[in-house]
Amino acid sequence: MSEIAAARVHELNLYRRYFDLVAAGQKTIEVRVKYPRLEDLASGDVIRFRIKGTDETCDVLVKRVTEYETFEALLDGEGPANVNPASSREQQLANIREIYAAEKEALGVLAIEVELLPR
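An account of the accompanying structure is given in this report.

Rules of the game
- Residues numbered from 1 in each chain as written.
- Predicted model: local features only at pLDDT ≥ 70, side-chain atom pairs only at ≥ 80, totals over all residues.
- Heavy atoms only, no water.
- Pairing = 2+ DSSP bridges.
- Helix = DSSP H or I, 4+ residues; strand = E, 2+ residues; numbered from the N terminus.
- Axes fitted to C-alpha atoms, helices over the stretch in contact; angles between N-to-C directions.
- Contact = heavy atoms within 4.5 Å.

1. A look at the pairing of strand 3 (residues 46–50)
Reasoning step 1: Taken together, the five bridges between strand 1 (residues 9–13) and strand 3 define a ladder with parallel strand orientation. If you follow Glu11 over to strand 3, its bridge partner there is Arg48.
Reasoning step 2: Relative to strand 4 (residues 57–68), strand 3 runs antiparallel, the two sharing five bridges. By the bridge assignment, Ile47 is partnered in strand 4 with Val60.
Reasoning step 3: What sits between strand 3 and strand 4 in their antiparallel hairpin is a turn of six residues, with Gly53 showing a positive phi close to 85 degrees.

2. Description of the sheet that holds strand 4
Reasoning step 1: Here five strands make up an open sheet; going across it, the order is 1-3-4-5-2 and the pairing mixed. With one partner strand each, in any of the chains shown, strand 1 and strand 2 (29–33) form the two edges of the open sheet. Strand-to-strand twist across the sheet, computed as the mean angle between neighbouring axes with direction ignored, equals 40 degrees.
Reasoning step 2: Sheet strands in contact with helix 3 (residues 71–78) are strand 2, strand 4 and strand 5 (109–116), and its direction is about 105 degrees off that of strand 4.

Geometric descriptors of this kind do not, in isolation, establish any biological role.
Encoded structure:
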C-alpha cells in the first residue's frame, strides 16, 4: 500500500512561487494559520498542494506540526531558509503578513515540516 493510500490527505492551495520551492524539495516548512480545519493535521498525513485554478499538484508527507504564537517566533524557531530559501527573513515576514491579516495570526500559526513524496 502506498504512503498516500494509507494516510489522510489534506488539499491546500499554494501560490506558484512557494509551490515551485516545495516541488523542488527546497522549501521544507510550510506556514499556515491555525484554522479549525487544520487543527487535526498531524505527522504522517499527506498534503496535496494545488495551484489554484490549475490541475498542477504536489504531494508532501507531514513530518511534524509545531504551533507558534507569532510569525516572528515561527521564523526564529524554524529558520527562514527552511521556510523560503529564496527570501530574507524580513521579506518573508512582509510576504506572510500580506497573505494573513493580524486577526488571522492571533489564531496561532503552524510550522508544518514537509517532505516531498515521489510522483
